[in-house]
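# Summary of the model geometry
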Amino acid sequence: MAYAITRTCCNDASCVSVCPVNCIHPTPDEPDFGRTDMLYIDPAACIDCGACADACPVDAVFPVDRLTGPDTVFGELNRDWFRDHPSDHSWGTPAFPRSLPAGLDLGTGPLRVAIVGTGPSAGYTAQTLLRTTGAELTMIDRLPVTGGLLRHGVAPDHQSTKRIAESFASVFHDPRLRIHLNVEVGADLAHAELAAHHHAVVYAVGAAADRRLGLPGEDLPGSLPATTFVRWYNAEPTVPADAVDLGAAAADGPGAERAVVIGNGNVAVDVARILLTDPDRLAATDIADHALAALRRSRIREVVLLARRGPEHAAWTGPEFLALTQLPGVEVVVDDHPEVRAALAAAPEGSGAALLAGLPLERVDGAGPPRPGRRIVLRFLATPTELVGTGPAGAERVEAERVDAVRLAGTDALLRTGLVVRSIGHRGVPVPGLPFDEAAGSVPHRAGRVLDPATGRPLPGAYLVGWAKRGPSGGIGANRACSQETVDALLDDAAARALPVPTGTRKEFDRLVRTRRPDALGLRHLRAIEQAERARGQATGRPRVKLPTVPALLAAARR
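Figured I'd write up the structure that's included with this text. As the structure is a prediction and not an experimental result, all values here were calculated from the model.

### Overview of the overall build of the protein
Scanning the protein from terminus to terminus reveals 20 helices and 24 strands. Along the first, second and third principal axes, the C-alpha atoms of the protein reach 75 × 60 × 55 Å. Burial statistics for the protein: of 559 residues in total, 53% are counted as buried. Considering only intrachain contacts with a sequence separation of at least 6, the fraction spanning at least 24 residues in the protein is 75%. Of the roughly 23800 Å² that the protein leaves accessible, carbon and sulfur atoms contribute 52%. Averaging the locations of the 60 positively and 65 negatively charged side chains of the protein gives two centres separated by 6 Å.

### Observations regarding the pairing of strand E15 (residues 374–379)
When you tally the buried positions in E15, you get five out of six residues, the bulk of the element. The sheet contact formed by strand E12 (residues 302–306) and E15 spans five bridges and is parallel. Paired with Leu305 across the strands is Leu378, a residue of E15. Summarising the sheet, strand E13 (residues 330–335) and E15 pair through five bridges and their orientation is parallel. Bridge pairing in E15 links Val334 to Leu378.

### What about the sheet that holds strand E14 (residues 361–362)?
Pairing is parallel in the open sheet, where seven strands are placed in the order E10-E20-E11-E12-E15-E13-E14. Looking at which strands have only one partner, the edges of the open sheet turn out to be strand E10 (223–225) and E14. Against the sheet, helix H11 (residues 266–276) engages strand E11 (258–262), E12, E13, E15 and strand E20 (419–422), with an angle of about 170 degrees to E12.

### Some words on the sheet that holds strand E7 (residues 177–181)
Reading across from one edge, E7-E6-E5-E8-E24-E23-E22 is the order of the seven strands in this open sheet, with mixed pairing throughout. Both edges of this open sheet fall to E7 and strand E22 (445–446), since each of them pairs with a single strand only. Pairing between E22 and strand E23 (residues 449–451): two bridges, direction antiparallel. Counted as the bridge partner of His445 is Val450 from E23.

### A look at the environment of Ala155
Mapped onto the elements, Ala155 comes out in the loop between helix H5 (149–152) and helix H6 (159–162). Apart from the residues lying within four places of it in its own chain, the contact partners of Ala155 are Lys162, Tyr233, Asp270 and Arg273.

### Digging into the nonpolar core
Grouped together as the largest cluster of nonpolar side chains are 72 residues, with contacts concentrated most on Ile5 and Ile24. In terms of residue count, the dominant contributor to this core is helix H17 (residues 478–495) (six residues). Ignoring anything within four residues of it in the chain, the contact list for Ile5 reads Cys15, Ile24, Met38, Leu39, Tyr40, Ile41, Ala60, Val61, Phe74 and Asn78. Trp232, Leu282, Leu292 and Ile376 belong to the second largest nonpolar core, which has 47 residues in total.

Calculation notes
- Residues numbered from 1 in each chain as written.
- Predicted model: local features only at pLDDT ≥ 70, side-chain atom pairs only at ≥ 80, totals over all residues.
- Heavy atoms only, no water.
- Helix = DSSP H or I, 4+ residues; strand = E, 2+ residues; numbered from the N terminus.
- Buried < 20%, exposed > 50% of the residue type's maximum accessible area, 1.4 Å probe, protein only.
- Contact = heavy atoms within 4.5 Å.
- Areas by Shrake-Rupley, 256 points an atom, 1.4 Å probe, with all protein chains shown as cover.
- Lys, Arg positive; Asp, Glu negative; His and termini not counted.
- Charge placed at Lys NZ, Arg CZ, Asp CG, Glu CD.
- Pairing = 2+ DSSP bridges.
- Axes fitted to C-alpha atoms, helices over the stretch in contact; angles between N-to-C directions.
- Core = buried A, V, L, I, M, F, W, Y, C linked by side-chain atoms within 4.5 Å.

Encoded structure:
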C-alpha cells in the first residue's frame, strides 16, 4: 500500500532526499517546487518502504489505507496530482553538500557567522552551516525565547506543524553555537558591532510589518491587523492580553455576533478557524490562556471572509481550505453572486476555485444579525471602502468609539460587525545599519547578498534569509531551500576570501552583550523556560502553557 502526504506538509523536502525510488514530487530541482500547496507521492511508484514517514519533521506522511476521516481525501489528491503532472522518477545528477575548501585561511581561525533571529529560516541556516562546515555561530533574538513564527505564528491547533522545531533542538545545543536572547539588534547592538566580531551576519528577521488598507476608520478600536490577532492567541510576549477585545465585539447590535476578516490567505483562514473552533478543542493545545478565556466568553458565531477578487484568485492553499470546511459544527457557505457562480462553474478540476464546489450558495444579509448556528461566509468581489464606527449616542461616524460596520463598494448596505481583522499581507521593516527600499518594503539583495543601492554591489559580509529575503511568501519548509541559497553565497564569498576579517574575538563579543544587556539569556535560561512551560502544560494535560510576558519569561529563566 502506497504512502500519501497529508495537509500538514511543510514542503521542506526532507522526504525527497530519503526516497529510494524518487517518487516524491515536485523535488527542489523541479520548476513546480515552491509553487504547489504541498508535495505528493506517486502511488504507482511508491514501494511502501516508509522512509519518507520517518524523515518527515511534521508527521504528514501516512499509508493510504490508514488515512481516516477528513484525511482520506489526501490519498486521492496525491494520486490525482500525478495524473496532471507526469513525472520522471529517474535520478538526476547527484548534489553534494557544500563546504569550505580544506586549509582555507580566513585570518582569524574558524569561520564565524552571526544569525539574527531564531525562527525557521534561522534554524535551517544554522543547521546547514553546522552540518557542512566547522563554523562557529552566534544566534541573537530580541525575545527571551526562540522559535519565531514556529512559536508565535503557527496556529495552536496545528501542533504537528510545530514539531519541526524538534529538528532544530540539536542546533541550539551544538557546542559551536552560542545563543543570546532578549537582545535586540539595532537597539542593544549595532550591525557594525556584529560585523566587527564575525565574518558574516545573516539576517533572518522576517517581514514584521502589516500592509495597510488605507481606508477611513482603519484605526478604530475593534479593527486590528492579523499579525496582532495571531500573536495574541500565540502568547507573543510583546502583545498584551487585552490587545484583542472579543467582549467588546459581542456588545449589543446587529453585528455583535459577527467578525469580518479582510483577506483570504492562509492567515485569514487561521483567524476564522480559531474564532469559531470549540474552545474545548483548543484547550488541548498551547493557545495562550488569555485567548482561550476570551474565546470561551465570545459570542461570535459568524465570520465573513472578504475578498476583493473572485474565487479563482483565492490565496489560501488547498490543504488549509479543506481543513476549514471540516471544522466540526461549523458550516461554510459562499455568498451568492452571478459572477461568483460563473467562476465556480468554469473552475478547472484541481484549481483553488474547484475546492468550493458543493458548498452552499446563499445571499447573506450582513445588515442584520447572523442566522442561528456557527458558519463561515466566503464573500468574493467585495471591496471595503470604509470602516464605520458607532459612538455612545449611536450616530454613525468615522471618529467613533469602535468599529461597527464595513462599507463595501457598489452598495449602500453596511456589513455589520464588532470585529475587523485585516489580513492583506506583510512587508519588511528597516534593519538598522542596512539599506532599505521603502517602496518595496525590503532590504535590497541578490541571492541573499545585501546590496549597496548606490553601487548595486554586495555589502561584504551581510546576508538575508527567509521572509526578510524573499518577502512574505512560502511556508516554513520553503526556508530550507531559501537558506541553502544564502549559505551557498556565503560559502562562495568565504572561499573567494571576500568576507571582512573581524577585529574582535568571540569572547569579546560575549562581554559586549553582557555589558549592553545584563539581562540577556543563554542556553541554560532557554532550558529553564522550556521546563517551566512544559510543567505548566503537564499539570493541565496540554503540550505546554506559554509564559505570556517578558517579565514572566525572565523570571522563569532565572530560576
